[in-house]
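Residues per chain are reported as follows:
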Amino acid sequence: MLTAIRPKSREIKKVERKENTLFMYSDHGILALEPKGKNIVRVIYTVNEAFSGKEKPGIVQKDSFGDWNYKEEEKSIELILNKTIVSVRKDTGAVSYYLADSLKNERTLLFKERDTDPKEFEEFETFRLAGVPQKTRIIDTADGKKEVLEDPLKVSTGKSFHIRWNFELREEALYGLGQQEKGFASLRGRTLYIHQGNRKIAVPFFVSTNGYGILADTYSPLIFNDNQNGTYIYTEADQELDYYFIAGIGVEEGDTAYQADLNEVIAGYRQLTGKAALLPKWAFGYVQSQERYETQEEILETVKKSRDLGIGMDCIVLDWISWPDNEWGQKSYDASRFPDPKEMIDKLHDEHVHFMISIWPTMAGNTENHKEFAEKNLFLPANTCYDAFKKEARELYFDQLKRTHFSYGTDAWWCDSSEPFTPEWNHLTRPEESVLYKEYLDEAGLRMPYEYCNSFPLFHAMGIYENQRAAMSEMQKDKEALSAGDKTCSYKEKRVCNLTRSAYTGQQRYGTIMWSGDTDASWETLKNQVAIGLHFSASGIPFWTNDIGAFFVKRGLNWYWDGKYDDTVDNRGYCELYTRWYQYAAFLPVFRAHGTDCRRELWNFKGEFYDAMLKVNRLRYQLMPYIYSEAGKVWLKDASLIRWLAFDFAGDKNTWDITDQLMFGESLMVCPVLTPMYYDEKGNPISGEDQKSRSVYLPAGCDWFDFYTGEKYNGGSTITVSAPLDKIPLFVKDGSIIPMRAAALSTEEQNDEIEFKKFGEVTKGYEFYEDAGDGYGYEKDEYKVTLIV
């Protein structure tokens, strides 16, 4: 008969406190609990003889929290924090988290690991490309030129572990884990592959309506699973399990000791990973982009026409191929199309329009930029993508920008393809999710450190932010040039603004805006965008946007080029979709048009569509005092600009699965129109006035006011509201103050005084934020806060 090999015992045999960490030892491994705040605990587990001690790039909080104690019970060890109790089973090492209710002398279970085998490890060998010439081929995709490996030659880089962390969930909804391609409500009941992609963003953090969050401090791809096969997170390559439990305890008032507070959980995430950098004020205005403006003249003419027509705009974007022909990724202009970039940017600044340019991490082998990196061996193996994991490479990358684009006065970066590997774009038909996951591992894992191949975008953004800040510091020493103003010194101090396609833990501290990638035009895609953006915001990173009207509009050969409108702007069905998308995007953190197949300026959409979009463009600028105040709270109070309704109304379970409404700032609830009401996909009219409305749920806990009419409605009710083409339904929480101004052409335009519009009985003041300086500085004192009562 076969003989069973018994596993090592998980029974805890020794407990000791060393400074601010509690260590527990078993034959199987070492468990450490390290409080990081009054309701935040770091949990580390290893099956090695000691912890790795590696610095984790996403975490900035190094200090521990010492105000806690512990006690040993017969069957458990309990670490006691403010209102959080961490209980560890002595027989298995399984960890549970409770909220202590001092008023009722009882505890509430928030989250627990599985009782048996909660942490499973399997050792394996990792490999990387050998330092010899590799066989590769270049392919052209809609996502740019891609260098693909063929028959890679590999060498071992040591041992790592696949880790499965098993846990149990209760009646709760979960949100976060970055950005997936499809829109859905709770993460419950799903298998999600968390890796970077063109339309995917990996962030290993989720929050629960029970008032807690989990941050897995891993930098490798991972899988979240919640189905009949178990509930777990599976990390692809780590030396140890490392995660943070963050409790959102709410406010104790009278007999109510606990109220789930998901916004407090987000604040805990930012405490660990860093505050969200303050974007420049202009970044909250309208951003005009398309694939692509081809000449200096075309950019200036587009801005002039926008101004002549009274369309608000704060930024125009130059997409890829600004470089000379066949010099992919070179950080300089094609002089035949852009003869004087500095003059172009100066003219844009005269119109209060800012300039963003697309830059790539790859550089073709025939470019001067490539030669510089190759001489210093600063590329990823067998690839033309620079090695952002190396500080020297990040410094050289920005130094090349400083010699050209930054010296011309460029205001913002579009760091495209920041994954930087997207093997899914190499297929005609879309592979299964598990296949995409494996292809990403195979491609990225051989070229980047295997345990860090989800984190390239974090290091890429770090390089842009830190080196632009350093350049600003250097330029401020030139007092004479600075005093002369923009015209002679293009290095005027400016906040870092980086539109980038991928992100990872902590990237909010680097002035980044993420977007949902190269989507395709359909009503289903628009519906998906709402939930996709809310999940991303729930992942702790606040600034997100998408391509208004989708990137691909027509139907193409490849699976991703799957738009429904070959006639583009000549199809009234697409014009209606674009208009509704434009209205929805006006209530995102960043309001931006972009895409291919047709032009994206408003005047390409005629008649009632143009009128409806111009109306909401003006509303965005009317609401700019409110929007910028709410953006200030992102920095000062760790708030989120867009949120699931459950963030503010977790006690109302009706909100948990709502995917077609969102909170925008503290007071506004946005209810976008996500179905066609006027024209079908072919552009044929849809009959029936009853179809020109939508249903809206008003969360319980407060009353609500129609933003346009001021009509009051009871919370906890469902109503039907009119939604004609030129209106996006908006509701305001009772007791709110909304600061507004007259419509403007830019955020810098001086106009009428601000009106503080009150809705219902105001019982508390509104913190109104405005720039104390010029809107370009970095620090907290750049904001002036006025309490409006």
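Scoring rules and cut-offs
Residues numbered from 1 in each chain as written. Predicted model: local features only at pLDDT ≥ 70, side-chain atom pairs only at ≥ 80, totals over all residues. Heavy atoms only, no water. Phe/Tyr/Trp six-rings, centres within 6.5 Å; stacked < 30°, edge-to-face > 60°. Lys NZ or Arg CZ within 6 Å of the ring centre and 35° of its normal. Disulfide = S-S within 2.5 Å. Buried < 20%, exposed > 50% of the residue type's maximum accessible area, 1.4 Å probe, protein only. Core = buried A, V, L, I, M, F, W, Y, C linked by side-chain atoms within 4.5 Å. Helix = DSSP H or I, 4+ residues; strand = E, 2+ residues; numbered from the N terminus. Contact = heavy atoms within 4.5 Å. Expected span 1.5 Å × (residues − 1). pLDDT = per-residue confidence, 0-100.

**Focus on the packing of aromatic side chains**
Enumeration over the complete set of coordinates arrives at 63 aromatic pairs. Three or more aromatic residues joined by ring pairs make a cluster, and in this case those are Y97, F111, W165, F167, F206, Y212, F224, Y243 and F245. The ring centre of W635 lies 5.8 Å from the NZ or CZ of K275, which sits over that ring. Directly above the aromatic system of F707 lies the positively charged group of K757, at a separation of 5.0 Å from the ring centroid.

**Concerning the state of the cysteines**
Enumeration according to the criterion identifies zero disulfides in this entry. Left unpaired, C315 is separated from the closest cysteine sulfur, that of C497, by 7.2 Å. A relative accessible area of 0% means that C315 is categorised as buried. With no disulfide partner, C415 has as its closest neighbouring cysteine sulfur the one in C497, 10 Å distant.

**Re the nonpolar core**
The biggest cluster of nonpolar side chains holds 207 residues, and the ones touching the most others in it are L33, Y175, F355 and F587. The leading source of residues in this core is helix α8 (residues 456–475), at nine residues. If we ignore the near neighbours within four places in the chain, the residues touching L33 are N20, T21, L22, M24, V41, R42, V43, L79, V86 and V88. Ranked by size, the runner-up nonpolar core spans 15 residues in total, among them F649, M663, W704 and F731.

**A closer look at α8**
Its 20 residues give α8 an end-to-end C-alpha distance of 29 Å, which sits within 8% of 28 Å, the value for a rise of 1.5 Å per residue. With 14 of 20 residues buried, α8 lies mostly within the body of the structure.

**A closer look at the confidence of the model for the protein**
Averaged over all residues, the pLDDT of the protein is 93; the fraction at 70 or higher stands at 94%. Confidence over residues 253–257 falls short of pLDDT 50; this stretch has eight contacts with residues more than four positions distant or in other chains. For residues 486–491, every residue scores under 50 in pLDDT, and the model assigns this stretch 18 contacts once sequence neighbours within four places are set aside.

**Here's the deal with the environment of S434**
With respect to the helices and strands, S434 occurs in helix α7 (residues 433–447). Distance from S434 to Y193, taken between C-alpha atoms, is 7.3 Å for residues 241 residues apart in sequence.

**Remarks on unusual backbone geometry**
In the segment running from E291 into R292, the intervening peptide bond is cis, with an omega of -10°. As for its placement among the helices and strands, R292 is situated in the loop between β21 (286–288) and α2 (296–309). Between E419 and P420 the backbone carries a cis peptide bond, its omega angle lying at 0°. Secondary-structure assignment places P420 in the loop between β24 (412–415) and α7. A positive phi angle is found at E19, which is not glycine, with a value near 55°. In this structure, E19 sits in the loop between β1 (14–18) and β2 (21–25). When its relative accessible area of 74% is taken as the criterion, E19 is described as exposed. For N377, which is not a glycine, the phi torsion comes out positive at approximately 55°. Tracing the backbone shows N377 in the loop between α4 (368–375) and α5 (391–403). Taking relative accessible area as the criterion, N377 reaches 57% and is therefore assigned exposed.

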